[in-house]
Amino acid sequence: MTFDSLVEQIDYIDIKKQNDNEIKSVSNNSKLVEEGDIFVAVLGKLSDGHKYIDDAIKNGAKTIVYQNDIDFKDEINYIKVADSRYALAQISNVLEGYPSKKMTVVGVTGTNGKTTTATTIYYLMKEIYGNATNIGTDGTFIGDERSDTANTTPDIYLLNKIFNQSLEKNIDHVVLEASSHGLIQDRLNGIDFNYGIFTNLSTEHLDYHKTMDEYFAAKMILLENSKKRIVNIDDPYGKKAKTKFTDCLTFGKEKEADYRATDIVKNEKTTDFKVNGVDFTINSIADYEIYNKLAAIATLNNMGASLEEISEKLKSFKGLPSRFQYVENDLEKNIIIDFAHTPRAFEAIFESIPKDVKTYAVFGINGDRNTEFRRLIGNACAKNDVFAVITTDDPKFDNYEHITDEIVAGIDEIGGEYERIEDRLEAMTFAIKKANPGDYILMLGKGEEHFMKFHGNEKTPYNEMETVKKAIDRQ
Ligand SMILES: CC(=O)N[C@H]1[C@@H](OP(=O)(O)OP(=O)(O)OC[C@H]2O[C@@H](n3ccc(=O)[nH]c3=O)[C@H](O)[C@@H]2O)O[C@H](CO)[C@@H](O)[C@@H]1O[C@H](C)C(=O)N[C@@H](C)C(=O)N[C@H](CCC(=O)O)C(=O)O
Ligand SMILES: Nc1ncnc2c1ncn2[C@@H]1O[C@H](COP(=O)(O)OP(=O)(O)OP(=O)(O)O)[C@@H](O)[C@H]1O
């Protein structure tokens, strides 16, 4: 695209044209810039993109988009804008030809359940519409081809490329996780969402958003920009979303839900329920999974699939690794790996366990989660009569002793049982040994993360499943 054609289609304050270079691509990262690209200088949290303009030019940038005053160089085009993040989105959408408009796009937001819900939708779209793309915490899947993504919600210029790569493979159904950071930072600006799903909201990321109102407002950006909105009406913030968007469809167990789960029966490893009269069976006993599946059912039904067809397809969906995943053992004990890492997720999983057996939870809390998490998770263990085995989970800049003291303070507020065992393998070994047959031992928080972060962000390789298996072998 020519510079003249681009500037006709975007908002700007001023331009300085000094070359006729053909523009192919845009980036906000000087390290990713290639010959002829546009570099957008973004004011970040840690750094300021304006500092990297020279690096971007060295790497071949011929056009610079900026927000603050800068020095000009010969033969480089400059575009001054009011808001660089907004400009990055606008430029990317124009350069890539708004690919999202040619697709059915589903966005999933909420504190818990984004990956599980999105992956269920991806599975159903593949089964029902032939193929699909899924973008989120577990990476990008174009059809079945996986690649890593640095963020849950990638930058807009990366997303638009993924959309176009999907279209080249004749994939026109896409689901993506919309994180609150991504929404606030315009990573999704201009994307044409057919469906916006809101799963739930509970305390998380307050280091970034400061208040729950701000956090909720960030999540609402997805719904504001979606043609159809689907919300969890059992969640207090879902109710709030419904008062804001009165036309949204709802799911839940409550009477007023458009997609309502009734007649819920838990079996040993599956759950049966009805949705609007149609029978469903899912391969999990986690209560939270009913909500994630309802969101997926509502979405696919709105796309045109019948409840009966969705029910049939869901029966063979095995679920995701580390989401209430059973670990095989000969001890007759229920050993489960789960990626719970917020107070609400801990509560949700504790509520799912049968009440006539004992539950042990092996977990730590990572060093940069807000300290309130530690107390609340301690409370959740004690309230649910769960024996907490407090161990290590990404201490980062904090340390095991300090984090553990704060969790224990939360347990002591209510009164509950706990043991402190710093080494994760030792902690698992202890919990499995202490449990009786039939009891549940939950290994929480690490899930599929294949590292442990010590001394800041230094990564040491770690594998939760392998560690659990070693602990089982030691019995
Ligand atoms: C706090 C936060 O959200 N940070 C994200 C944000 O960084 P930033 O805008 O603050 O950027 P910065 O590091 O200050 O740098 C400023 C600018 O200089 C540029 N730069 C920097 C260095 C350089 O050599 N060259 C260069 O051009 C950067 O590309 C950036 O444009 O924009 C970057 C590029 O888009 C993101 O990679 C980065 O994610 C960091 C890695 C991160 O940890 N983010 C987390 C908090 C996050 O976004 N998480 C959510 C999921 C949350 C959940 O669990 O639900 C996610 O979507 O991943
Ligand atoms: N609907 C839900 N309500 C409460 N807790 C949930 C729900 N869905 C999942 N969880 C809990 O959260 C954990 C992580 O699930 P999932 O990966 O789907 O969430 P997420 O929102 O994508 O998380 P993140 O983006 O922070 O990685 C699960 O292992 C489970 O413990």
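Residues numbered from 1 in each chain as written. Chains lettered and ligands numbered in written order. Predicted model: local features only at pLDDT ≥ 70, side-chain atom pairs only at ≥ 80, totals over all residues. Heavy atoms only, no water.

1. Some thoughts on the pattern of salt bridges
Right, on to step 1. Taken as a whole and judged by the stated rule, the model has 37 salt bridges.
Right, on to step 2. The residue K313 makes a salt bridge to E127 at a minimum N-O spacing of 3.8 Å. Placement of the pair is K313 in helix 11 (residues 307-315) and E127 in helix 4 (residues 114-129), with a sequence separation of 186 residues.
Right, on to step 3. Since its relative accessible area comes to 38%, E127 is described here as partly exposed.
Right, on to step 4. With a closest N to O distance of 3.0 Å, D192 and K227 form a salt bridge. (Salt bridge = Lys/Arg side-chain N within 4 Å of Asp/Glu carboxyl O. Helix = DSSP H or I, 4+ residues; strand = E, 2+ residues; numbered from the N terminus. Buried < 20%, exposed > 50% of the residue type's maximum accessible area, 1.4 Å probe, protein only.)

2. Comments concerning the site of ligand 2
Right, on to step 1. Around ligand 2 there are 19 residues in total, and T115, T116, R323, D338 and H341 lie nearest to it.
Right, on to step 2. Within the backbone of F339, an N or O atom sits 3.1 Å from an oxygen atom of ligand 2.
Right, on to step 3. H341 is positioned such that a nitrogen or oxygen atom in its side chain is 2.9 Å from an oxygen atom of ligand 2.
Right, on to step 4. Coverage of ligand 2 by the protein chains reaches 94% of its 630 Å² of free accessible surface.
Right, on to step 5. Going through the elements one at a time, helix 4, helix 10 (287-303) and helix 12 (343-352) are the ones with two or more residues in the shell around ligand 2.
Right, on to step 6. Residues that form the shell around ligand 2 fall into these classes: 5 nonpolar, 10 polar and 4 charged. (Near = heavy atom within 4 Å. Polar contact = N/O pair within 3.5 Å; in protein donor to acceptor, adjacent residues only side chain to side chain. Areas by Shrake-Rupley, 256 points an atom, 1.4 Å probe, with all protein chains shown as cover. Nonpolar A, V, L, I, M, F, W, Y, C, P; charged D, E, K, R; others polar.)

3. Considerations on the nonpolar core
Right, on to step 1. In terms of nonpolar packing, the biggest core is built from 38 residues, with I121, F280, I297 and I310 touching the most fellow members.
Right, on to step 2. Mapped onto this core, the elements with two or more residues apiece are strand 6 (104-109), helix 4, strand 11 (193-198), strand 14 (259-266), strand 15 (271-275), strand 16 (278-282), helix 10 and helix 11.
Right, on to step 3. Among the elements that take part in this core, helix 10 stands out by supplying 9 residues, more than any other.
Right, on to step 4. If you look at the next biggest cluster of nonpolar residues, it comprises 36 residues, including I38, A89, V174 and F193. (Core = buried A, V, L, I, M, F, W, Y, C linked by side-chain atoms within 4.5 Å.)

4. Points about helix 4
Right, on to step 1. Here helix 4 is 16 residues long and its end C-alpha atoms lie 21 Å apart, about the 22 Å a rise of 1.5 Å per residue gives.
Right, on to step 2. With respect to burial, helix 4 is a largely interior element, 13 of its 16 residues being buried.
Right, on to step 3. Two residues or fewer after helix 4 comes G130, characterised by a positive phi angle close to 95°. (Expected span 1.5 Å × (residues − 1).)

5. Here's the deal with the site of ligand 1
Right, on to step 1. Taken together, the neighbourhood of ligand 1 is formed by 24 residues, with K45, S47, D155, S179 and Q185 sitting nearest.
Right, on to step 2. Separating an oxygen atom of ligand 1 from a backbone N or O atom of S47 is a distance of 2.6 Å.
Right, on to step 3. One of the side-chain nitrogen or oxygen atoms of N151 is found 3.0 Å away from an oxygen atom of ligand 1.
Right, on to step 4. Coverage of ligand 1 by the protein amounts to 73% of the 1,100 Å² it exposes when considered alone.
Right, on to step 5. Residues belonging to the shell around ligand 1 are distributed by class as follows: 5 nonpolar, 13 polar and 6 charged.

6. Side note on the sheet that holds strand 4 (residues 63-66)
Right, on to step 1. Reading across from one edge, 1-5-4-3-2 is the order of the 5 strands in this open sheet, with mixed pairing throughout. The two strands at the open ends of the sheet, each matched to only one other strand, are strand 1 (14-16) and strand 2 (26-27).
Right, on to step 2. Strand direction decides the pairing type here: strand 1 and strand 5 (residues 77-80), joined by 3 bridges, are antiparallel. Its bridge partner lying in strand 5, K16 is registered against Y78. (Pairing = 2+ DSSP bridges.)

7. What about the UniProt feature "binding site: UDP-N-acetyl-alpha-D-muramoyl-L-alanyl-D-glutamate" (unreviewed entry) in the protein chain?
Right, on to step 1. Sequence positions flagged by UniProt for "binding site: UDP-N-acetyl-alpha-D-muramoyl-L-alanyl-D-glutamate" (unreviewed entry) are, in local numbering, S30, N151, T152, T153, S179, Q185 and R187. Spanning 158 residues, the annotated positions stay apart in the fold, the maximum distance between their C-alpha atoms being 23.8 Å. Checked against the lining of the largest cavity, the annotated residues just named reduce to Q185 and R187.
Right, on to step 2. Tracing the backbone through its elements, the reader meets N151 in the loop between strand 9 (145-147) and helix 5 (156-168).
Right, on to step 3. On the basis of relative accessible area, N151 is assigned to the partly exposed category, the value being 37%.
Right, on to step 4. Ignoring sequence-local partners within four residues, the contact set of N151 consists of G136 and R187.
Right, on to step 5. Tracing the chain through its elements places R187 in the loop between helix 6 (180-184) and strand 11. (UniProt positions renumbered as here; feature names shortened; annotations may be inferred. 1 Å grid on protein atoms, 1.4 Å probe; cavity = no way out; pocket = protein on both sides within 12 Å on 5 of 7 lines; lining within 4 Å. Contact = heavy atoms within 4.5 Å.)

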